[in-house]
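# Geometric and topological summary
One-letter residues, chain by chain:
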Amino acid sequence: MSEILRTHYSNLQVVENASDEVIKGAYKYLAQKHHPDRNPGKEEECTKILQVISKAYEVLSNPELRRRHDEWIKHKREESKH
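Cut-offs and rules
- Residues numbered from 1 in each chain as written.
- Predicted model: local features only at pLDDT ≥ 70, side-chain atom pairs only at ≥ 80, totals over all residues.
- Heavy atoms only, no water.
- Axes fitted to C-alpha atoms, helices over the stretch in contact; angles between N-to-C directions.
- Helix = DSSP H or I, 4+ residues; strand = E, 2+ residues; numbered from the N terminus.
- Parallel < 35°, antiparallel > 145°, perpendicular 65-115°, else oblique.
- Contact = heavy atoms within 4.5 Å.
- Salt bridge = Lys/Arg side-chain N within 4 Å of Asp/Glu carboxyl O.
- Buried < 20%, exposed > 50% of the residue type's maximum accessible area, 1.4 Å probe, protein only.

### Focus: the packing of helix α3 (residues 43–60) against helix α4 (residues 63–81)
Contact pair α3 / α4: the axes reach a minimum separation of 6 Å and the direction vectors enclose 105 degrees. Our classification of the angle between α3 and α4 gives roughly perpendicular. Of α4, the residues touching α3 (which contributes Glu 58, Val 59 and Leu 60) are Leu 65, Arg 66 and His 69.

Structure follows, in structure tokens:
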């Protein structure tokens with residue numbers, strides 16, 4: 001049984017070939033949904049989620065970082081086949 005690969009795409013709940021507009025929209029939606037100010041009593045949990053979402057957007061909104069991330073995904077998938 002193979003392990004599920006967590007990627008910046010999965011963190012933003014988008015497909016790997018998502019357009020820049022889709023990535024931006026997903027980030028905005030998730031950032032609002034998990035904003036600590038909107039979730040009283042869950043500030044710590046939401047802050048952690050927001051950090052993950054923000055890092056994912058930082059990588060996927062930068063063409064060079066996204067290319068490297070895609071290469072990392074490809075490498076991990078090839079490793080799991082062996």
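### Describing the pattern of salt bridges
For the coordinates displayed, the defined rule picks out eight salt bridges. With its nearest N and O atoms 2.5 Å apart, the salt bridge here joins Arg 67 to Glu 64. Separated by three residues within a single helix, Arg 67 and Glu 64 lie in helix α4, roughly one turn from each other. Residue Glu 79 is joined to Lys 76 by a salt bridge in which the shortest nitrogen-to-oxygen separation is 3.7 Å. A residue pair is termed a helical-turn pair when its members lie 3 or 4 positions apart in one helix, as Glu 79 and Lys 76 do in helix α4 at three residues. Judged by relative accessible area, which is 42%, Glu 79 ranks as partly exposed. It is possible to trace a salt-bridge network through shared partners that takes in Glu 64, Arg 67, Arg 68 and Glu 71.

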